[in-house]
Amino acid sequence: QGNPKVDPTSTKLVRRIYPKIDSNNSVDVYVGVQQKLEGSVTYRGPFPFDPAVDNHIDCLQQGKAVCVKYVSTGNIAWSSTGFILDMDVIGESNR
């Protein structure tokens, strides 16, 4: 059982991300947040992630919406089955 953080009006704090990446090479991970749902995404990174040695990325980000972007350079093969966020709600909505 999880505790979904799907309320788009609450502020979330992301401490870590656990990418689920299958690759023999490093992939750059970016963590993005939006302060307003209609606003632009602000990314932090790149965070180099090598699945052979890494299991998480430390990234302190906060915002109302959270996104993750994977980028690779060159002709490398990789796949992702998702990610897990270490995240808490730190600000409730004013509904």
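One numbering rule holds for all chains: residues counted from 1, following each sequence as written. Residues qualify for local features only when their pLDDT is at least 70, as the model is predicted, and side-chain atom pairs are given and counted only at 80 or more; totals for whole chains, interfaces and linings, by contrast, use all residues. Side-chain measures here rest on the full set of heavy atoms in the structure, leaving out hydrogens and waters.

(A) Main features of the pairing of strand S2 (residues 27–34). Only protein chains enter the accessibility calculation, which uses a 1.4 Å probe; a residue whose area is less than 20% of its type maximum is buried, one above 50% is exposed, and one in between is partly exposed. Helix and strand definitions follow DSSP, with helices as H or I runs of at least four residues and strands as E runs of at least two, each counted in order from the N terminus. Here S2 lies mainly inside the structure; seven of its eight residues are buried. The rule for pairing is simple: two strands pair if DSSP sees at least two bridges between them. Sheet analysis places S2 next to strand S3 (residues 42–49), joined by six bridges and oriented antiparallel. Within S3, the residue paired with aspartate 28 across the bridge is proline 48.

(B) The arrangement of the environment of aspartate 54 in detail. Along the polypeptide, aspartate 54 turns up in the loop between S3 and strand S4 (57–63). Sequence spacing of aspartate 54 and glycine 32 is 22 residues, and the spatial spacing of their C-alpha atoms is 20 Å. Those residues within four positions of aspartate 54 in sequence are excluded, and the remaining contacts are Pro48 and Phe49. Residue contacts are defined here by distance: any two heavy atoms, one from each residue, within 4.5 Å place the two residues in contact.

(C) Spotlight on the sheet that holds S4. Read across the sheet, three strands follow the order S4-S1-S6 without closing on themselves; strand pairing throughout is antiparallel. With one partner strand each, in any of the chains shown, S4 and strand S6 (78–91) form the two edges of the open sheet. Neighbour to neighbour, the strand axes of the sheet diverge by 25 degrees on average, direction disregarded. Sheet topology places strand S1 (residues 11–23) next to S4; five bridges connect them, and they run antiparallel. Bridge pairing links leucine 13 to glutamine 62 in S4. Throughout, an axis means a line fitted to C-alpha atoms (over the contacting stretch in the case of helices), and angles, computed between N-to-C directions, take values from 0 to 180 degrees.

(D) The environment of alanine 52, seen in detail. Following the sequence through the fold, alanine 52 ends up in the loop between S3 and S4. Through-space distance from the C-alpha of alanine 52 to that of glycine 74 is 19 Å; in sequence the pair is 22 residues apart.

(E) Highlighting the sheet that holds strand S5 (residues 65–71). With respect to topology, three strands assemble into an open sheet ordered S3-S2-S5, the strand pairing being antiparallel. Pairing within the sheet leaves two strands with one partner each, and these edge strands are S3 and S5. Going from strand to strand, the sheet's axes swing by 20 degrees on average, the running direction of each strand aside. In the sheet, S2 pairs with S5 via seven bridges, with the strands oriented antiparallel. By the bridge assignment, glutamine 34 is partnered in S5 with alanine 65.

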